[in-house]
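Take a look at the letters that make up each chain.
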Amino acid sequence: VPVAPLLSVEDIHAHYGKSHVLQGISLRVGDGELVTLLGRNGAGKTTTLKSIAGVMQPTQGQVRFGGEATHRLATHQVAQRGICLVPEHRGIFKLLTVEENLMLAQRKKSPWQLQDVYRIFPRLKERRGNGGGQLSGGEQQMLAIGRALMNAPRLLMLDEPVEGLAPVIVEEIVAQLKTIKAAGVSILLVEQNLEVCTQLADRHYIIEQGVVAHEATNAEFLADDAVKDRYLGVG
Ligand code: ATP
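I will try to describe carefully the structure that is included in this document. (Residues numbered from 1 in each chain as written. Predicted model: local features only at pLDDT ≥ 70, side-chain atom pairs only at ≥ 80, totals over all residues. Heavy atoms only, no water.)

**With respect to helix α6 (residues 137-150)**
Move 1: Counted at 1.5 Å a residue, the expected span for α6 with its 14 residues is 20 Å, and the 20 Å between its end C-alpha atoms agrees.
Move 2: The buried fraction of α6 amounts to 13 of the 14 residues, a majority that puts the element mostly inside the structure.
Move 3: Directly beyond the C-terminal end of α6, a positive phi value near 60° is found at A152. (Helix = DSSP H or I, 4+ residues; strand = E, 2+ residues; numbered from the N terminus. Expected span 1.5 Å × (residues − 1). Buried < 20%, exposed > 50% of the residue type's maximum accessible area, 1.4 Å probe, protein only.)

Given below as structure tokens:
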């Protein structure tokens, strides 16, 4: 009997008013897995992350995390269970220092201490006394991920973490995400940069108009130019 996946999303629907944006999304993330959600703008990727995080409630379907139904819980209750969403606009405190930002995010009994975050992100250690607003875009992204780690996630969800960043910073963040994955944190990643996705992922789901149009292991995806062309307009 296979072990139940850490996260299991079963046929969720979501609406913005009358607009039926998610029309039955099902997906899984296993313990220690890194899974991506791919697809064109407006396909429903961000809405899927929000529905898992409890930022919005699905109008139908189930989200199960560690065996427990979480789709009726409030955001902070979902977070307490170990699901952490790093939104696209990053949500750091600009007037607080890097270190204050990290300490504020720390949960009691978190296995992640300041030193652990600084080991992964040496730039944050260098900038520990600087205000969040003084950081570069890449450093702000690192701080947002560092804050999420202080919150002791079992599942880290990232929404376009490298968007708009310079290639050298993108490489740095890819290496850092590999380290975080190796530490046992499961990751659900929304990202447009296919090279980043294929460097990191175990599996991919392609979302199209609010449903999962295709599912593939990373090896299958890499070998399949037709899929890349059809769903993503590349390949
Ligand atoms: P993107 O890369 O553009 O963020 P996405 O795949 O993440 O794309 P979503 O952000 O989930 O897509 O959006 C799915 C659909 O829902 C889109 O048609 C979008 O216009 C619509 N939508 C998103 N947020 C809202 C909102 N707050 N109110 C109304 N409609 C919304």
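**Description of the packing of aromatic side chains**
Describing an aromatic ring pair means giving the distance of the ring centres and the angle of the ring planes.
Move 1: All told, the structure shown has zero aromatic pairs when counted by the stated rule.
Move 2: Taking the ring centre of F221 as reference, the NZ or CZ of K228 above it sits at 5.8 Å. (Phe/Tyr/Trp six-rings, centres within 6.5 Å; stacked < 30°, edge-to-face > 60°. Lys NZ or Arg CZ within 6 Å of the ring centre and 35° of its normal.)

**Some points on the side chain of N151**
Move 1: Locating N151 in the fold gives a position in the loop between α6 and β7 (155-159).
Move 2: Looking at N151, the relative accessible area reads 17%, which means it is buried.
Move 3: With residues up to four places along the chain from it excluded, the contact list for N151 reads A79, C84, A105 and R107. (Contact = heavy atoms within 4.5 Å.)

**Concerning the site of the ligand**
Move 1: Lining the immediate surroundings of the ligand are Y16, V21, R40, N41, G42, A43, G44, K45, T46, T47, E160 and Q192.
Move 2: In this structure, a nitrogen atom belonging to the ligand sits 3.5 Å away from a side-chain N or O atom of Y16.
Move 3: Here T46 contributes a backbone N or O atom positioned 2.7 Å from an oxygen atom of the ligand.
Move 4: When the free accessible area of the ligand is taken as 630 Å², the share hidden by the protein chains comes to 58%.
Move 5: Tallying contributions element by element places helix α1 (residues 45-53) first for the shell around the ligand, with three residues.
Move 6: Looking at side-chain class alone, the shell around the ligand contains three nonpolar, six polar and three charged residues. (Near = heavy atom within 4 Å. Polar contact = N/O pair within 3.5 Å; in protein donor to acceptor, adjacent residues only side chain to side chain. Areas by Shrake-Rupley, 256 points an atom, 1.4 Å probe, with all protein chains shown as cover. Nonpolar A, V, L, I, M, F, W, Y, C, P; charged D, E, K, R; others polar.)

**Quick notes on the pattern of salt bridges**
Move 1: Across all of its chains, the model carries 11 salt bridges by this definition.
Move 2: In this structure, the salt-bridge partner of R127 is E139, at a minimum N-O distance of 3.1 Å. Note that R127 is positioned in the loop between α5 (122-126) and α6 and E139 in helix α6, a separation of 12 residues in sequence.
Move 3: Of the residues examined, R127 reaches a relative accessible area of 21% and is grouped as partly exposed.
Move 4: Residue E139 is classed as buried on the basis of its relative accessible area, which comes to 8%. (Salt bridge = Lys/Arg side-chain N within 4 Å of Asp/Glu carboxyl O.)

**Side note on the sheet that holds strand β4 (residues 60-65)**
Move 1: The strand order across the open sheet formed by four strands is β2-β1-β4-β5, and the pairing between neighbours is antiparallel. Each edge of the open sheet is held by one strand with a lone partner, namely β2 (19-29) and β5 (68-69).
Move 2: In this structure, strand β1 (residues 7-16) lies alongside β2, joined through eight bridges in antiparallel fashion. Bridge assignment links S8 to a residue of β2, and that residue is R28. (Pairing = 2+ DSSP bridges.)

**A closer look at the sheet that holds strand β9 (residues 203-208)**
Move 1: Across the sheet, six strands lie side by side as β6-β7-β8-β3-β9-β10; this open sheet has mixed pairing. A strand with exactly one partner marks an edge of an open sheet, and here the two such strands are β6 (83-86) and β10 (211-217). Adjacent strand axes in the sheet meet at a mean angle of 20° when their direction is disregarded.
Move 2: Alignment of β9 against β10, held across six bridges, turns out to be antiparallel. Residue pairing across strands places E208 opposite V211, the latter belonging to β10.
Move 3: Against the sheet, α1 contacts β3 (34-38), β6, β7, β8 (186-190) and β9, and its axis sits at roughly 150° relative to β7. (Axes fitted to C-alpha atoms, helices over the stretch in contact; angles between N-to-C directions.)

**Brief notes about the nonpolar core**
Move 1: Counting 47 residues, the largest nonpolar core has F121, L156 and I180 as the members making the most contacts within it.
Move 2: No other element matches α6, which puts seven residues into this core.
Move 3: Among all residues touching L156, those that are not within four sequence positions of it are C84, V86, I145, A148, I180, V185, S186, I187 and L188. (Core = buried A, V, L, I, M, F, W, Y, C linked by side-chain atoms within 4.5 Å.)

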